[in-house]
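For reference, the chains in residue letters:
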Amino acid sequence: GLGDVYKRQIYEHELSRLFLNKINAYPQITLYGIKDKGRLNERTPTFAFTIKGVNPRAVSEFFGAHYVCIWDGHFYAPGLINQLGLTESGGVIRVGCMHYNTVDEVEYFFVLLDKFLEKKTLKVETNSEICLSERFFLSCPSVYFARPSTSTALRANFSNCLLLSLSPIVLL
């Protein structure tokens, strides 16, 4: 009933608050959309962001190699991505936190983000190549698109996957 919907919304606000608190610690990240934790009721628990100097695809590939579903691209909003000036750089990275995600999973996202950023820094400093896994795109029933270049990389077993939801982007 409505009580359950309200409980889910409160929980998703908790996850959003945690995500927003943590992502603010990364000066190289630009978060798009409502950032004010006092306005969580005006947004979905879905976050679109970019990392300075990083192609969004590299981020989603890295997370996929660690069995975490996040997405990159324009999400059927190429006009918006173009207006933001992000078309040439690959769009945005998108992460969604839903009622079935846990606080520990959001914390794990940031552990992996730190690992990714450490490797990126290592690559820049040493000029060495970092190999990212080919099997990054973890699908779920709510995903209505697939990139031709990754369709052979879809995983059928989700028992070991952390699924961060695909939800609409709200940018205001």
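Note that this is a predicted model, so its numbers are computed, not measured.

Caption draft 1: Just the overall build of the chain, in detail. Counting its secondary structure elements, the chain contains 4 helices and 6 strands. The order of α-helices and β-strands along the chain, N terminus first, is α-β-β-α-β-β-α-β-α-β. The proportion of buried residues among the 172 residues of the chain is 42%. Taking as baseline every contact in the chain between residues at least 6 positions apart, the subset at least 24 positions apart corresponds to 69%. In the form shown here, the chain has an accessible surface area of approximately 9400 Å², with 55% of it arising from carbon and sulfur atoms.

Caption draft 2: Spotlight on the pattern of salt bridges. Summed over all chains, the structure comprises 3 salt bridges. One salt bridge in this structure joins Lys 22 and Glu 107, with 3.3 Å as the shortest N-O distance. Placement of the pair is Lys 22 in helix α1 (residues 2–23) and Glu 107 in helix α4 (residues 103–126), with a sequence separation of 85 residues. By relative accessible area, which is 27% here, Lys 22 ends up partly exposed. Overall, Glu 107 belongs to the partly exposed group, its relative accessible area being 30%. With its nearest N and O atoms 3.1 Å apart, the salt bridge here joins Asp 72 to Arg 57. Highlighted residues: Asp 72 in strand β4 (residues 71–73) and Arg 57 in helix α2 (residues 56–65), separated in sequence by 15 residues.

Caption draft 3: Looking closely at the pairing of strand β5 (residues 92–96). Where burial is concerned, most of β5 is hidden: 5 out of the 5 residues are buried. The alternating pattern of β5 places Val 92, Arg 94 and Gly 96 and Ile 93 and Val 95 on opposite faces, both of which are buried. The pairing of strand β2 (residues 46–51) with β5 spans 4 bridges and is classified as antiparallel. Opposite Phe 47, over in β5, you have Val 95 as the bridge partner. The sheet contact formed by β4 and β5 spans 3 bridges and is antiparallel. Looking at β5, one finds that Trp 71 is bridged to Arg 94.

Caption draft 4: Geometry of α1. Compared with an ideal rise of 1.5 Å per residue, which puts 22 residues at 32 Å, α1 spans 31 Å between its outermost C-alpha atoms and is within 8% of the ideal. For α1, the set of buried residues is Glu 12, His 13, Leu 15, Ser 16, Leu 18, Phe 19, Leu 20 and Ile 23.

Caption draft 5: Quick look at the environment of Tyr 32. Locating Tyr 32 in the fold gives a position in strand β1 (residues 29–32). On a C-alpha basis, the gap between Tyr 32 and Leu 84 in space is 9.5 Å, while along the polypeptide they are 52 residues apart. Within polar-contact distance, the side chain of Tyr 32 engages the side chain of Thr 50 at 3.4 Å.

Caption draft 6: Seen up close, α2. Along α2, the residues classified as buried are Pro 56, Val 59, Ser 60, Phe 62, Phe 63 and Gly 64. The residue sitting at the N-terminus of α2 and contributing the capping side-chain oxygen is Asn 55; that oxygen lies 2.8 Å from the backbone nitrogen of Arg 57. Count one or two residues on from α2 and you reach Tyr 67, which has phi positive near 65°.

Caption draft 7: Quick peek at the environment of Asn 55. Structurally, Asn 55 is set in the loop between β2 and α2. Given the relative accessible area of 40%, Asn 55 is considered partly exposed. Distance in space between the C-alpha atoms of Asn 55 and Ile 93 is 8.9 Å, their sequence separation being 38 residues.

So, how was this worked out
Here the residue numbers are simple positions, counted from 1 along each chain's written sequence. Restriction of local features to residues with pLDDT of at least 70 applies here, the model being predicted, together with a cutoff of 80 or more for giving and counting side-chain atom pairs; totals for whole chains, interfaces and linings are based on all residues. The basis for every side-chain value is the complete set of heavy atoms in the structure, and neither hydrogens nor water enter the calculation. Secondary structure follows DSSP: runs of H or I at least 4 residues long count as helices, runs of E at least 2 residues long count as strands, and numbering of each begins at the N terminus. Burial status follows relative accessibility: with a 1.4 Å probe on protein chains alone, a residue under 20% of its type maximum counts as buried, one over 50% as exposed, and anything between as partly exposed. Between two residues, a contact is recorded if the distance between any of their heavy atoms is within 4.5 Å. Here, Shrake-Rupley sampling with a 1.4 Å probe gives the accessible areas, and only protein chains in the shown set may cover a residue. Just to be clear on terms, a salt bridge is a Lys or Arg side-chain nitrogen sitting within 4 Å of an Asp or Glu carboxyl oxygen. Any two strands are treated as partners once DSSP identifies two or more bridges connecting them. Given a helix with a known number of residues, its expected span is that number minus one, times 1.5 Å. Here a polar contact is recorded for every N or O atom pair within 3.5 Å, except that within protein the pair must consist of a potential hydrogen donor and a potential acceptor, and residues adjacent in sequence are included only if both atoms are side-chain atoms.

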